[in-house]
Amino acid sequence: MGFPTVRMRRLRRTPALRDMTTTVRVHPSNLVYPIFVDENAKAPVPIKSLPGYSRLPLDYVTDDARKTLEQGVKAVLLFGIPSKRDETGSSAFADNGIVQNAIRKLKNEFDDELVVITDVCLCEYTSHGHCGIVKDKEILNDSTLEFLQKMAVSHAEAGADIVAPSSMMDGQVRFIRDALDDSGFSQVGIMAYSAKYASCFYGPFREAAESKPSFGDRKCYQMGYGNSDEALREMELDANEGADILMVKPALPYLDIIQLAKSNFGLPVAAYNVSGEYAMVKAAAQMGWIDEKAAILEMLTGIKRAGADIIITYFAKDVESWLNQL
Ligand code: PBG
């Protein structure tokens, strides 16, 4: 049966009909808002390549999270910019480290109302800017694992709900799960950056976190974008190692990977709509070349349609007020 019996346009005739038949919708409660906490800052420091975004002093974090909650977004992802960096990133697991302090502040203020997720990776804390321990220009996998364990446990001790290992070291999920369980944090979840690609779209983030590697790049631990089988293996390993949520990162150039994640594992899938994806929209909007709100909603809906249950996005706080304009 086809035209003229079938007419696809019947259900597109009115806004109400279109609403009724819409199957995928972005909802603020599925969004996660990234926050950069800067130990050196006395006032918010605007991030040039992330317009509208700043690195925040510790004292500003609660207010920012409150605004996030008011928009219906119930989760934040914390990144730290420490005052001291060294070879092993020791401020990453210091009891009074910047992220640990931010977690305590947020939990004190909002308790279970707010989901606090923390990035577990050394690159913001090491003097060389790599995600692991370096020896003779090599990023050591197994030696890095114990540092990630310490970092994850220190976040859990401060009150984090979920830790998100993002350094792409083999075995990181298993090691962190074991360390959390051994320290009495069996209830703390793991959102694994499982399919994390070596991407140019992290550029603005690296400006924000000052985490650009001082030599080489991250291609010997993050994945190459010409591969999807490898992503499946990474996700399967993380699922077996005890990940509670699988993440794909970046989002837009990897919608196929998001779909693979969703269709192959019975786990919630998160997609990270990264800094470069944000910057592209902002830049085009500033030039007057794109309708910013429309672009954001179309983009986030597309990421969700591909299979993401959760979206980490710098746009999180903006979305709520626009949703009823659709
Ligand atoms: C830490 C980390 C990075 C991002 C999230 N966690 C940077 C990187 O891997 O270089 C990027 C996030 C973004 O671009 O928005 N390893």
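About the cut-offs
Residues numbered from 1 in each chain as written. Predicted model: local features only at pLDDT ≥ 70, side-chain atom pairs only at ≥ 80, totals over all residues. Heavy atoms only, no water. Helix = DSSP H or I, 4+ residues; strand = E, 2+ residues; numbered from the N terminus. Rg over C-alpha atoms; globule rule 2.2 N^0.38 Å. Contact = heavy atoms within 4.5 Å. Areas by Shrake-Rupley, 256 points an atom, 1.4 Å probe, with all protein chains shown as cover. Lys, Arg positive; Asp, Glu negative; His and termini not counted. Charge placed at Lys NZ, Arg CZ, Asp CG, Glu CD. Near = heavy atom within 4 Å. Polar contact = N/O pair within 3.5 Å; in protein donor to acceptor, adjacent residues only side chain to side chain. Nonpolar A, V, L, I, M, F, W, Y, C, P; charged D, E, K, R; others polar. Salt bridge = Lys/Arg side-chain N within 4 Å of Asp/Glu carboxyl O. Buried < 20%, exposed > 50% of the residue type's maximum accessible area, 1.4 Å probe, protein only. Phe/Tyr/Trp six-rings, centres within 6.5 Å; stacked < 30°, edge-to-face > 60°.

What follows deals with the overall build of the protein chain. The helix and strand inventory of the protein chain stands at 11 helices and 12 strands. Taken over the C-alpha trace, the protein chain has a radius of gyration of 20 Å; the compact-globule value for 326 residues is 20 Å, and the two agree within 12%. Structurally, the protein chain occupies a C-alpha span of about 70 × 45 × 40 Å along its principal axes. Taking all contacts inside the protein chain whose residues are at least 6 apart in sequence as the whole, residues at least 24 apart take part in 74%. A total of about 15100 Å² of accessible surface is found on the protein chain, and carbon and sulfur atoms cover 50% of it. Taken together, the 36 basic and 44 acidic charged side chains of the protein chain have centroids lying 9 Å from each other.

It is worth spelling out the site of the ligand at this point. As a matter of local geometry, the ligand sits amid 20 residues, with Lys196, Arg206, Lys249, Ser275 and Tyr314 nearest to it. Between the ligand and the protein, one listed contact pairs a nitrogen atom with a side-chain N or O atom of Lys249 at 3.4 Å. Tyr314 has a polar side-chain atom sitting 2.5 Å from an oxygen atom of the ligand. Surface burial for the ligand is 100%, taken as the share of its 400 Å² of free accessible area covered by protein chains. Taken together, the elements giving at least two residues each to the shell around the ligand come down to strand S9 (189-196) and helix H6 (203-209). Of the residues in the shell around the ligand, the class split is 11 nonpolar, 3 polar and 6 charged.

This brings us to the pattern of salt bridges. Across all of its chains, the model carries 14 salt bridges by this definition. Across the pair Lys107 and Asp161 runs a salt bridge whose closest N-O atoms are separated by 2.7 Å. Remark: Asp161 occurs in the loop between helix H4 (141-158) and strand S8 (162-165) and Lys107 occurs in helix H3 (residues 98-110); sequence separation between them is 54 residues. When the shortest N-O distance is used, the salt bridge between Glu292 and Lys282 registers 2.6 Å. You can see Glu292 sitting in helix H10 (residues 292-306) and its partner Lys282 sitting in helix H9 (residues 275-286), a full 10 residues away along the chain. The exposure class of Glu292 is partly exposed, given its relative accessible area of 23%. By relative accessible area, Lys282 is classed as buried at 13%. Three or more residues are tied together by salt bridges with common partners; here these are Asp38, Arg55, Arg85 and Glu210.

Quick look at the packing of aromatic side chains now. The geometry of an aromatic ring pair is captured by the separation of the ring centres together with the interplanar angle, meaning the angle of the planes. Counted under the stated rule, the structure contains 14 aromatic pairs. When the centroid spacing of 5.5 Å and the interplanar angle of 25° are considered together, the rings of Phe36 and Phe79 count as stacked. Separated by 43 residues along the polypeptide, Phe36 in strand S1 (residues 31-38) and Phe79 in strand S4 (residues 75-81) bring together distant segments of the chain. Aromatic rings pair up to connect Tyr33, Phe36, Tyr53, Phe79, Tyr193, Phe205, Tyr272, Tyr278, Tyr314 and Phe315 into one cluster.

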